[in-house]
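# Observations on chain architecture
Here are the chains, one letter per residue:
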Amino acid sequence: MAFARRKDKDKGDPDANVRTLEPALLSGSSTNVGAASDGSESAPAPTTVAPTIVPSGASTKRLGEQLIGSQLITQEQLDVALASQTASGERLGEVLVRQGVLTEQALAHALAAFFGFDVANLRRDNVDPSTLTLVPENVAREYMAVPIRMNGAQLEVAVAEPSEDLRLALSQLVGRPVQLRIAPLSDIRWAIDSHYQAIGTVGKLVQAFESVEGSRRRATDVPVEEAVVGDDAPVVQVVDRILTQAMRDRASDVHIEPSEGVVRVRYRIDGALKEILTLPAAIGPGLVSRIKIMANMNIVERRRPQDGQLTINIDGTEVDVRVATCATIMGESCVMRILDKTRSVLRLNDLGMPKDTHLAFSKMVRSPFGMVICAGPTGSGKTTTLYATLSEVSNPTLNVMTIEDPVEYVFPSINQIQTNDQAGITFATGLKSILRQDPDVILVGEIRDVETTRVAVQSALTGHFVVSSLHATDSVSALHRFLDMGIESFLIASSVLGVVGQRLLRRICPSCKSSYTPTPEELDFYHDGGGALASGFFQGSGCNFCSHTGYKDRIGVYELLIMSPELRRLVVGWATQEELRSMAVRQGMRTMRQEAIGLIDQGITTIEEVIRSMYTL
């Protein structure tokens, strides 16, 4: 089956295009969009895009009039959107959502009323797993259509772009009547990624692995981990599916951990680990060896820790994966950090800093020399802040250079250097070479040792602006880490302009946000932090959209320590962390804990999440 465009010749309107359904079967020529969830080759998908909602200018006008009549938009907003639609060729609804005039949910309800369809709430309604076999994954992705449930003899399908042609096509595919319902496009994409699991066939692949490898070992006595090179080998497919599902689930890290009798596969999603798979122990060495091959690591060496990097294409997106292996008493463990190159680099005003903190930090990073430190534990968003800082200060009049491990985002106007231990390029040696390149702004990806710290401090003192990250619990402890490394206190006081301490807190899921009563322990923590909310507390009750965790996405929490003359004198005198923090607070610094309490008051996060992330502060 194919959809063909036809121009309305009677009206002569080039924008009055409709897609008509040709009388062909779904088994015609097609392009495979994605593998089926059961590992078999799914039904071919149509070669062209799905049918459109709004077929002509007349319908567009009527939809615009209905949106105005429902007081969702104004006439001025409609005029702007129609002008943009003429230039871009997008649908009217897409233009309104892109311009921020309508939300996707409001558009879905408006379209449902306009076309006479019901709205499907994919965030709350449970999808019947048995219906997923009726619509193959590649067809679902081509048409942006998700089967929901059987309603008598009819199959209910949620779509973003309804049409009679699409209903007939799906009905012909599944062999029964189809009832269309409307849902926002982002919810459709999420539902497809969530329900057509890439790891759904791992069980069959593990059985195939055990059968093949058992026979091979009995015949040739070949170790399991050495037979993982064929592209069609079960181990290869298991690794590909684990990475694909991790990308779809927005995981930042993948943990493959051997345990007693099993291998655990866990994803870190929004900062929290979640167990995804439990595999037989026998496949563990093969998984790690396959990952080592992809990352150009030594598969023979299994006792020493190793680091590597690989690039893989997942669902049409190029993804960098940072790999680290380590020997444990149960076997070799592997952790993969997923770096999505397609993510846009945030600017400073997009980080979520309070307005006054953002203004003070923006002023600080425009200094011609000195050092600014981003402090926090692993996974606290330091790299994002560093890149946002670079995007703020970079301009054609400055020579901006970086030394990173690895280079996560590529800036066309910045000279970026990647560390390479085999070539002798470390943070310290790379920083020394950068100083001979006449730099104005220097980014050091991470300060890890005394030599790097000393070179960075000297760079800041000799007329360069240096920005770097440092593993520390908060802004004050970052200063003491410099002292612990043996850097003279007067050098720290002279070079450091300020320190940003930060954490990432999970946001309450907007789809299942509801009020609740905190426990006495949570209330004690809240009041000790200065909270005095009287309007109530919120949490996520759990829904399909957040995988029943109650949280969706994260927000940054920041504290900005500005090195005042009083703080410099305290640093030179080796003052304690309590003395430094007390002075900073007296001079106006709001601690991360205070900022987090403010997010609780705004209903953005929960007391439980703040305790989990920053209880000691």
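We now turn to the structure provided with this report. Each chain carries its own residue numbering, running from 1 in the written order of its sequence. Since the coordinates come from a predicted model, pLDDT governs what is reported: local features require at least 70, and pairs of side-chain atoms require 80 or more to be given and counted, while whole-chain, interface and lining totals use all residues. Only hydrogens and water are set aside; all other atoms, that is, all heavy atoms of the structure, feed into the side-chain values.

All right, on to the overall build of the chain then. Note on conventions: DSSP H or I runs of at least 4 residues are helices, E runs of at least 2 residues are strands, and numbering of each starts at the N terminus. Counting its regular elements, the chain contains 21 helices and 21 strands. Accessibility here uses a 1.4 Å probe with only protein chains present; expressed as a share of the type maximum, an area under 20% marks a residue as buried, one over 50% as exposed, and anything in between as partly exposed. Looking at the chain as a whole, 50% of its 617 residues qualify as buried. Contacts were defined at the residue level, with two residues in contact if any of their heavy atoms lie within 4.5 Å. A sequence separation of at least 24 residues applies to 63% of the contacts in the chain between residues at least 6 apart. Computed by Shrake-Rupley with a 1.4 Å probe, the accessible areas treat only the displayed protein chains as cover when residues are assessed. As displayed, the chain has an accessible area near 28,400 Å², and 50% of this comes from carbon and sulfur atoms.

It is worth spelling out the sheet that holds strand β3 (residues 118-119) at this point. Between any two strands, at least two bridges found by DSSP are needed for them to pair. If you walk across this open sheet you meet the four strands as β3-β6-β5-β4, and the pairing is mixed. Each end of this open sheet is capped by a strand with a single partner; those strands are β3 and β4 (145-151). Lines are fitted to the C-alpha atoms to define the axes, a helix being fitted only along its stretch in contact, and any angle between axes, read from their N-to-C directions, falls within 0 to 180 degrees. Against the sheet, helix α6 (residues 164-174) engages β4, β5 (154-159) and β6 (178-182), with an angle of about 135° to β6. Along the sheet, helix α7 (residues 185-195) contacts β4 and β5; its crossing angle with β4, the most-contacted strand, is approximately 75°.

Moving on, we come to the sheet that holds strand β8 (residues 262-269). The six strands lie next to each other as β9-β8-β7-β12-β11-β10, forming an open sheet whose pairing is antiparallel. The two strands at the open ends of the sheet, each matched to only one other strand, are β9 (272-280) and β10 (306-314). Direction aside, neighbouring strands of the sheet carry axes that sit 20° apart on average. Here β10 pairs with strand β11 (residues 317-328) via nine bridges, running antiparallel. Paired with Gln 309 across the two strands is Arg 322, which belongs to β11.

Looking at the secondary structure, you find Val 288 in helix α10 (residues 284-294). Its relative accessible area of 1% is what places Val 288 among the buried residues. With 37 residues separating them along the chain, Val 288 and Thr 325 place their C-alpha atoms 8.1 Å apart. With near-sequence residues (within four places) excluded, Val 288 lies in contact with Thr 325, Glu 332 and Cys 334.

Turning to helix α12 (residues 382-393), a few remarks are in order. In this model α12 runs 17 Å from its N-terminal to its C-terminal C-alpha over 12 residues, within 8% of the 16 Å that 1.5 Å per residue would give. Buried residues of α12: Lys 382, Thr 385, Leu 386, Tyr 387, Ala 388, Thr 389, Leu 390, Ser 391, Glu 392 and Val 393, and no others. Under the convention used throughout, the expected extent of a helix is 1.5 Å for every residue step, that is, one less than its residue count.

Before going further, it helps to spend a moment on the pattern of salt bridges. Salt bridges are defined as contacts in which a side-chain nitrogen from Lys or Arg sits within 4 Å of a carboxyl oxygen from Asp or Glu. Under the criterion given, the structure shown has 29 salt bridges. Here Glu 164 makes a salt bridge to Arg 167, at a shortest N to O gap of 2.5 Å. Separated by three residues within a single helix, Glu 164 and Arg 167 lie in helix α6, roughly one turn from each other. On the basis of relative accessible area, Glu 164 is assigned to the partly exposed category, the value being 45%. Residue classification places Arg 167 among the partly exposed residues on the basis of a relative accessible area of 24%. In this structure, Lys 432 engages Glu 451 in a salt bridge whose closest nitrogen and oxygen atoms are separated by 3.1 Å. Residue Lys 432 is found in helix α13 (residues 427-434), and its partner Glu 451 is found in helix α14 (residues 450-461); the two are separated by 19 residues along the sequence. For Lys 432, a relative accessible area of 37% puts it in the partly exposed group. The network of salt bridges with common partners includes Glu 137, Arg 141, Asp 193, Arg 248 and Asp 315.

This brings us to the environment of Gln 99. Relative to the assigned elements, Gln 99 resides in the loop between α3 (92-98) and α4 (104-115). A relative accessible area of 30% places Gln 99 in the partly exposed class. With sequence-adjacent residues up to four places away left out, Gln 99 is seen in contact with Val 80, Ala 81 and Ser 84.

Between 30 and 60 degrees the pair is tilted, below 30 it is stacked and above 60 it is edge-to-face, where a pair is any two Phe, Tyr or Trp rings, Trp via its six-membered ring, whose centres lie within 6.5 Å. All told, the structure shown has four aromatic pairs when counted by the stated rule. With a centroid separation of 5.1 Å and 85° between ring planes, the pair formed by Tyr 526 and Phe 537 is classed as edge-to-face. Residue Tyr 526 is located in helix α17 (residues 520-528), and its partner Phe 537 is located in strand β20 (residues 537-540); the two are separated by 11 residues in the primary sequence. Take Phe 537: its relative accessible area is 10%, and that puts it in the buried class. Over the aromatic face of Phe 538 sits the side chain of Lys 513, whose NZ or CZ is 5.0 Å from the ring centroid. In this scheme, the term charge over a ring applies when either NZ of a lysine or CZ of an arginine sits within 6 Å of the ring centre and within 35 degrees of the ring normal.

Note that Ala 106 resides in helix α4. The spacing of Ala 106 and Leu 72 is 34 residues in sequence and 8.1 Å in space, taken between C-alpha atoms.

The subject of this paragraph is the packing of α17 against helix α21 (residues 607-614). Contact pair α17 / α21: the axes reach a minimum separation of 10 Å and the direction vectors enclose 70°. Considered as vectors, α17 and α21 are oriented roughly perpendicular to each other. Counted together, Glu 522, Phe 525 and Tyr 526 of α17 and Ile 607, Glu 608, Val 610 and Ile 611 of α21 form the full contact between these two elements. The nonpolar class holds Ala, Val, Leu, Ile, Met, Phe, Trp, Tyr, Cys and Pro. Asp, Glu, Lys and Arg form the charged class, and all remaining residues, Gly among them, are polar. Per-class residue counts for the contact of α17 with α21 are five nonpolar, no polar and two charged. An angle counts as roughly parallel when it lies under 35 degrees, as roughly antiparallel when it exceeds 145, as roughly perpendicular when it falls between 65 and 115, and as oblique in every other case.

Right, let's talk about the nonpolar core for a bit. In this text, buried Ala, Val, Leu, Ile, Met, Phe, Trp, Tyr and Cys residues form a nonpolar core when linked through side-chain atoms within 4.5 Å. Core analysis: the biggest nonpolar cluster contains 39 residues, and Met 371 and Phe 482 have the highest contact counts within it. At five residues, the largest contribution of residues to this core is made by helix α15 (residues 475-484). Within the second largest apolar cluster, 37 residues are counted, among which are Val 202, Val 254, Ile 291 and Cys 334.

A few words now on the side chain of Ser 475. With respect to the secondary-structure elements, Ser 475 resides in helix α15. Contacts described as polar in this section are N or O atom pairs within 3.5 Å, which, within protein, must combine one atom able to donate a hydrogen with one able to accept it, while residues neighboring in sequence count only if both atoms come from side chains. There is a polar contact of 2.8 Å between the side chain of Ser 475 and the side chain of Glu 559. Filtering out sequence-adjacent residues up to four positions away, Ser 475 remains in contact with Val 499, Gly 501, Glu 559, Leu 561 and Met 589.

Here we come to the packing of α15 against helix α19 (residues 577-586). When two helices pack together, their arrangement is given by the angle between the helix axes and the distance between those axes. In contact at an axis separation of 9 Å, α15 and α19 are set at 135° when each is read in the N-to-C sense. The pairing of α15 with α19 is recorded here as oblique in orientation. Helix-helix and strand crossings are classified by hand; for α15 and α19 the assignment is right-handed. Within the contact between the two elements, α15 uses Val 476, Ser 477 and His 480 and α19 uses Gln 577, Leu 580 and Arg 581. Of the residues assigned to the contact of α15 with α19, the class counts are two nonpolar, three polar and one charged. Helix crossings fall into two classes, left-handed where the near helix is turned counterclockwise from the far one by less than a right angle and right-handed where it is turned clockwise.

Attention shifts here to unusual backbone geometry. Within the chain, Gln 71 stands out as a residue other than glycine whose phi angle is a positive 60°. If you trace the backbone, Gln 71 turns up in the loop between α1 (57-69) and α2 (75-88). Note on Gln 71: relative accessible area 73%, which makes it exposed. One non-glycine residue, Asp 315, lies in the positive phi region at around 50°.

Judged by how many residues are buried, strand β21 (residues 551-562) sits mostly within the fold: nine of 12 residues are covered. As paired elements, strand β18 (residues 496-508) and β21 share 10 bridges and run antiparallel to each other. Counterpart to Gly 501 in the pairing with β21 is Glu 559.

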